[in-house]
Amino acid sequence: MSVLLSGSPLSGRVAVVSGASSGMGAAAAERLAALGAKVAVLARRKEKLDDVVKNIETAGGTALAYTVDVTDRAAVLEVAQRIAGDLGTVDLVFNNAGVQLISGIEELKVDEWQRQIDLNVTGVMNVIAAFLPQLTASSEQGKPADLINTSSIAATRILEKFSIYSGTKAYISHLTRLMRVELGPKMVRVATIEPGMVDTELPDHVTDADASQLMAGLIHDIDVLQSPDIAETIAFMATVPRHVNLTEITILPTAQAI
Ligand SMILES: NC(=O)c1ccc[n+]([C@@H]2O[C@H](COP(=O)([O-])OP(=O)(O)OC[C@H]3O[C@@H](n4cnc5c(N)ncnc54)[C@H](OP(=O)(O)O)[C@@H]3O)[C@@H](O)[C@H]2O)c1
């Protein structure tokens, strides 16, 4: 996607991006910073986070890295308090860390089921719990406040062997709809982005050979989305006027059939 936004429409905003060490999160962090936000980048791989911070600083932006496993509730809460002190009250959360481990249900890869539930459900909830008070505080001060959760088209599509991953993403999508009902009247925007195939590290973790082949084939055969496409979309969702909430954004490669 060509860059659509310009200037510093996010100046004065304080953003948190989880899963910011690679893929969509890294691209979003860099884009939000380029548009003027101060950005806290969260993930487990410190060196990768440091690279993202370096890219942002080289481009003239402000960012700080926080190495954290978001499945650890106490650690996320502690990081949230540090960020408020270091950068100010957070008013934009891109709740994006996630893992996709595809396998047939009868294979009973229960450890992989658990990893997905731990990160895509519990990790997502830990981030919400840690940052929601800062989002509501921002909105009470009349500032925009955004919670954008990363779901997937897998939340609604029937894809063979995707049961657990799809279940976790369906959880995120429906959770977001319900949270919006409570938080919208408090002027906190709540949204999901549901991407189709994006060329990132995500498929690298899949241990099922058929599923890996399917995803590699898609990336090879069609012009799939790239992380900057998602980053520009996230930036757009955060820059629309405060009374506008883009709530459920499905974004697919034009040529992706499923
Ligand atoms: N790529 C796609 O086609 C696609 C489509 C739809 C939805 N999504 C969703 O998009 C999101 C981002 O994925 P991506 O495609 O950009 O893949 P990615 O490059 O693999 O990014 C995943 C990110 O999550 C972080 N992460 C993993 N476990 C973590 C943990 N326990 N604590 C903190 N951070 C953790 C990873 O960093 P560390 O390893 O450094 O912790 C990494 O930064 C995921 O929620 C994914 O489900 C992707």
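Scroll up to find the structure.
Calculation criteria
Residues numbered from 1 in each chain as written. Predicted model: local features only at pLDDT ≥ 70, side-chain atom pairs only at ≥ 80, totals over all residues. Near = placed C-beta within 6 Å. Helix = DSSP H or I, 4+ residues; strand = E, 2+ residues; numbered from the N terminus. Nonpolar A, V, L, I, M, F, W, Y, C, P; charged D, E, K, R; others polar. Pairing = 2+ DSSP bridges. Axes fitted to C-alpha atoms, helices over the stretch in contact; angles between N-to-C directions. Contact = placed C-beta atoms within 7 Å. Core = buried A, V, L, I, M, F, W, Y, C linked by C-beta atoms within 7 Å. Buried ≥ 20, exposed ≤ 12 C-beta atoms within 10 Å, placed from the backbone. Parallel < 35°, antiparallel > 145°, perpendicular 65-115°, else oblique. Left-handed = near helix turned anticlockwise from the far one by under 90°.

## As for the site of the ligand
In step 1: As a matter of local geometry, the ligand sits amid 30 residues, with Gly-19, Gly-23, Arg-44, Arg-45 and Gly-98 nearest to it.
In step 2: Elements that contribute at least two residues to the shell around the ligand include exactly helix 1 (23-34) and helix 4 (110-140).
In step 3: A class-by-class count of the residues in the shell around the ligand yields eleven nonpolar, 14 polar and five charged.

## So, the sheet that holds strand 4 (residues 92-95)
In step 1: Spatially, seven strands are ordered 3-2-1-4-5-6-7 in an open sheet, and the strand pairing comes out parallel. Edge strands, defined here as strands with exactly one partner in the open sheet, are strand 3 (62-67) and strand 7 (248-251). Along the sheet, successive strands turn relative to each other by an average axial angle of 15°, direction set aside.
In step 2: Inspection of the sheet shows strand 6 (residues 189-195) paired to strand 7 by four bridges, in the parallel sense. If you follow Thr-192 over to strand 7, its bridge partner there is Glu-248.
In step 3: In this fold helix 4 packs onto strand 1 (14-18), strand 4 and strand 5 (146-150), with an angle of close to 175° to the strand it touches most, strand 4.

## Describing the nonpolar core
Soluble globular proteins: nonpolar side chains tend toward being buried together.
In step 1: In terms of nonpolar packing, the biggest core is built from 72 residues, with Ala-29, Val-39, Val-41 and Leu-42 touching the most fellow members.
In step 2: Residue contributions to this core peak at eight residues, all from helix 1.
In step 3: Contacts of Val-41, omitting those with residues within four sequence positions, involve Val-17, Ala-20, Ala-29, Leu-49, Val-52, Val-53, Ala-63 and Ala-65.

## Focus on the packing of helix 4 against helix 5 (residues 163-183)
In step 1: Direction vectors running N to C along helix 4 and helix 5 enclose 10°, while the axes themselves pass 9 Å from each other. For the element pair helix 4 / helix 5, the angle class is roughly parallel. When helix 4 is examined against helix 5, the residues Trp-113, Gln-116, Ile-117, Asn-120, Val-121 and Val-124 are found in contact with a partner set consisting of Ile-164, Tyr-165, Thr-168, Lys-169, Tyr-171 and Ile-172.
In step 2: Taken together, the residues of the contact of helix 4 with helix 5 sort by class into eight nonpolar, three polar and one charged.

## A short note on the packing of helix 3 (residues 73-87) against helix 4
In step 1: In contact at an axis separation of 8 Å, helix 3 and helix 4 are set at 30° when each is read in the N-to-C sense. In this view, helix 3 runs roughly parallel relative to helix 4, as classed from their interaxial angle. As for how helix 3 packs across helix 4, the hand of that crossing is right-handed. From helix 3, Arg-73, Val-76, Leu-77, Ala-80 and Ala-84 reach across to helix 4, where they touch Asn-126, Val-127, Ala-130, Phe-131 and Gln-134.

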